[in-house]
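# Residue-level structure breakdown
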Amino acid sequence: MPLNNNNKKYDALALFSGGLDSILSMKMVERQNLRVLGLHFIAPFFGKLHKIAHWEKIYEIELLGLDVSDEYVEMLLNGPKFGFGKFINPCLDCKIFMLKKARTLLETYGAKFIISGEVLGQRPMSQRRDSLDIIIREADVRNELLRPLSAGHLRPTRAEEEGLVDRERLGRVSGRGRREQMILAEKFNIREVPTPAGGCLLTEQESCRRYLPLFMHMCRPSARDFHLANLGRQVWSKTDPAGWMILGRNKQDNEQLQKLAEDKDYLFEIRHYPGPLGLGRCFCGRAWSEEMLAGAAAITACYSPKARKSRRSVEVVLTHKSTQRIITVRPDLKKQCSGWTEPEWNREQAREILENKTQLMPEAT
Ligand code: SF4
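Calculation rules
Residues numbered from 1 in each chain as written. Predicted model: local features only at pLDDT ≥ 70, side-chain atom pairs only at ≥ 80, totals over all residues. Heavy atoms only, no water. Pairing = 2+ DSSP bridges. Helix = DSSP H or I, 4+ residues; strand = E, 2+ residues; numbered from the N terminus. Contact = heavy atoms within 4.5 Å. Axes fitted to C-alpha atoms, helices over the stretch in contact; angles between N-to-C directions. Disulfide = S-S within 2.5 Å. Buried < 20%, exposed > 50% of the residue type's maximum accessible area, 1.4 Å probe, protein only. Core = buried A, V, L, I, M, F, W, Y, C linked by side-chain atoms within 4.5 Å. Domains from an automatic or database assignment. Buried area = accessible area lost by both parts, 1.4 Å probe. Polar contact = N/O pair within 3.5 Å; in protein donor to acceptor, adjacent residues only side chain to side chain. Nonpolar A, V, L, I, M, F, W, Y, C, P; charged D, E, K, R; others polar. pLDDT = per-residue confidence, 0-100. Left-handed = near helix turned anticlockwise from the far one by under 90°. Near = heavy atom within 4 Å. Phe/Tyr/Trp six-rings, centres within 6.5 Å; stacked < 30°, edge-to-face > 60°. Arc of directions from axis to C-beta.

Moving on, we come to the sheet that holds strand β4 (residues 113-115). One open sheet holds the 5 strands; their spatial order is β3-β2-β1-β4-β5, and the pairing between them is parallel. The sheet is open, and its two borders are formed by β3 (62-67) and β5 (145-146), each paired with just one other strand. In this structure, β4 lies alongside β5, joined through 2 bridges in parallel fashion. By the bridge assignment for β5, Ile114 is matched with Leu145. Lying over the sheet, helix α4 (residues 91-105) contacts β1 (12-15), β2 (36-42), β3, β4 and β5, oriented at roughly 160 degrees with respect to β1.

So, in structure tokens, the structure goes:
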């Protein structure tokens, strides 16, 4: 769903990640007196809605934020056709997904073609020549897709053949280096050059270790679950696979947890001491036992240094389905934490889990 709609018409739509290649691709086409609208996709794993206004200002471009969270998570759970990269990144399917989305918007914006910042040979999985061809075929954008940075190495596209774009003024960039991109950045007067780091959490071990238990234990995780997995300290019960707790590490985390809390969740808040908000996510209709609720209250209290130092029993308020009650616990970090574990990344285990689609059963009611 577009996050803003200015009803204007454009010559081209561009996939805009915020990375240098996507900026340069847009600029290269805009320099040919064409109007380009950049599409910035938002999902739990990528996208920075809060940066759109900044990018528009410093790069002098027009952008549209598109929240594709639910559809993207669906694609992930259904098993990407072309598999995963080193972590949980389905790069080929991801590109196909985004291009298909862009194709559906061409008519709305009166645009004739789509721009993407892919560079031939830059990435092992998604930017080899055969991968670039697969992406075109699967997204059905043979006539629409222009890759301006590497155009000189690729077949002329319809926009070039019809004279809409001058092929001579497009790039011949290939490979992993950034030298040519830096020259172009200078030429286009790009004042703020983004760092090469991707910004996609599906390619980062720290995030993927958080996501893996969702694939393992949940019936069918939602986009909201993945948003939750991005937050705070994640702990899982060692004895009950339904025991997922998220503990805020600071005020912002606590506020985000409040926002993402659902009525069915368990919320734990220490009385009289500052400390984390604990959120226990209830999923697949499995209610928590009294023992697990007490353990969750205890671990919440343990992460309050002041409550721990008091060496006294402390009260934790449990909120669940709009009702509240007090659980009294002793915040002994070593003892209370022993029943919980932080998820770890194990590549072999991850392969097995991700490939075994039978684990992703429809959500129980
Ligand atoms: S790195 Fe992430 S955003 Fe980029 S193509 Fe791969 S999965 Fe998609």
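A word on the state of the cysteines. Taken as a whole and judged by the stated rule, the model has 1 disulfide. Note that Cys219 is cross-linked by a disulfide to Cys284, the S-S spacing being 1.7 Å. With Cys219 in the loop between α8 (205-217) and α9 (223-229) and Cys284 in the loop between β9 (277-281) and α11 (290-302), this residue pair connects regions lying 65 residues apart in the sequence. Assessed through its relative accessible area of 13%, Cys219 is described here as buried. With a relative accessible area of 12%, Cys284 lands in the buried category.

Further remarks concern the nonpolar core. Of all hydrophobic cores here, the largest spans 68 residues; its most connected members are Phe45 and Tyr72. No other element matches the 8 residues that α4 contributes to this core. Non-local contacts of Phe45, meaning those with residues more than four positions away in its chain, are made with Tyr72, Val73, Leu76, Gly199, Cys200, Leu201, Leu202, Tyr211 and Phe226. Val29, Ile52, Val165 and Val173 belong to the second-largest nonpolar core, a separate cluster that totals 31 residues.

This part covers the domain arrangement of the chain. Split by domain assignment, the chain resolves into domain 1 (12-200) and domain 2 (204-359). Computed from C-alpha atoms alone, the centre-to-centre distance between domain 1 and domain 2 is 37 Å. Taken together, the contact between domain 1 and domain 2 spans 17 residues of the former and 17 residues of the latter. Between domain 1 and domain 2 the total buried area reaches about 1,600 Å² when both faces are included, carbon and sulfur atoms providing 67% of it. The largest per-residue losses of area from domain 1 upon contact with domain 2 belong to Leu77, Phe87 and Ile88, which jointly make up 41% of the total buried on that side. Between the two partners, domain 1 and domain 2, sit 6 residue pairs in polar contact (both at pLDDT 80 or more). Per-class residue counts for the side of domain 1 that touches domain 2 are 10 nonpolar, 4 polar and 3 charged.

Overall, the predicted model of the chain reaches an average pLDDT of 92, with 95% of residues at or above 70. Across residues 361-365, confidence stays below pLDDT 50; counting only partners more than four residues off in sequence or on other chains, it has 8 contacts.

So, about the packing of helix α3 (residues 69-77) against α4. Between α3 and α4, whose axes approach to 11 Å, the crossing angle comes to 145 degrees. By crossing handedness, the relation of α3 to α4 is classed as right-handed. Contacts between α3 and α4 involve Glu71, Tyr72 and Met75 from the former and Asp93, Cys94, Phe97 and Lys101 from the latter. Along the lines of polarity and charge, the residues of the contact of α3 with α4 split into 4 nonpolar, no polar and 3 charged.

Close to the ligand lie Phe46, Tyr72, Pro90, Cys91, Cys94, Cys200 and Thr203, which account for all nearby residues. A class-by-class count of the residues in the shell around the ligand yields 6 nonpolar, 1 polar and no charged.

We now examine the side chain of Ser116. For Ser116, the position within the fold is in the loop between β4 and α5 (129-139). For Ser116, a relative accessible area of 1% puts it in the buried group. In contact with Ser116, not counting residues within four places along its chain, are Leu15, Ser25, Leu145, Leu146, Arg147 and Pro148.

On to the packing of aromatic side chains, then. According to the stated counting rule, one finds 15 aromatic pairs in the structure shown. Measuring from ring centre to ring centre gives 5.2 Å for Phe45 and Phe226, while their planes differ by 70 degrees; the resulting arrangement is edge-to-face. Of this pair, Phe45 sits in the loop between β2 and α2 (52-59) while Phe226 sits in helix α9, placing them 181 residues apart in sequence. Judged on exposure class, the residue Phe45 and its partner Phe226 are both buried. Through a chain of ring-to-ring contacts, the aromatic side chains of Phe45, Phe46, Tyr72, Phe97, Tyr211, Phe215 and Phe226 assemble into a single cluster.

Quick look at helix α7 (residues 179-187) now. Each α-helix turn comprises 3.6 residues. Residues three or four places apart therefore point the same way. If you check which residues of α7 are buried, you get Gln181, Leu184 and Ala185. What you see down the axis of α7 is that its buried residues fit within an arc of 105 degrees, all on one side. Residues Arg179, Glu186 and Lys187 are exposed on α7 and point more than 90 degrees away from its buried face. Packing partners of the buried residues in α7 comprise α1 (20-30). Taken from the residues just after α7, Asn189 is the one with a positive phi, measuring 55 degrees.

Attention now moves to the sheet that holds strand β7 (residues 244-247). Within the open sheet, the 7 strands sit side by side as β11-β10-β8-β9-β7-β6-β12. Their pairing is antiparallel. The open sheet has two edge strands with one neighbour each: β11 (323-329) and β12 (340-341). Where strand β8 (residues 266-270) and strand β10 (residues 314-320) come together, 5 bridges link them in antiparallel fashion. Across the sheet, the residue bridging to Glu269 is Val317, located in β10. Across the sheet, helix α10 (residues 251-260) touches β7, β8 and β9, and the angle it forms with β9 is around 35 degrees.

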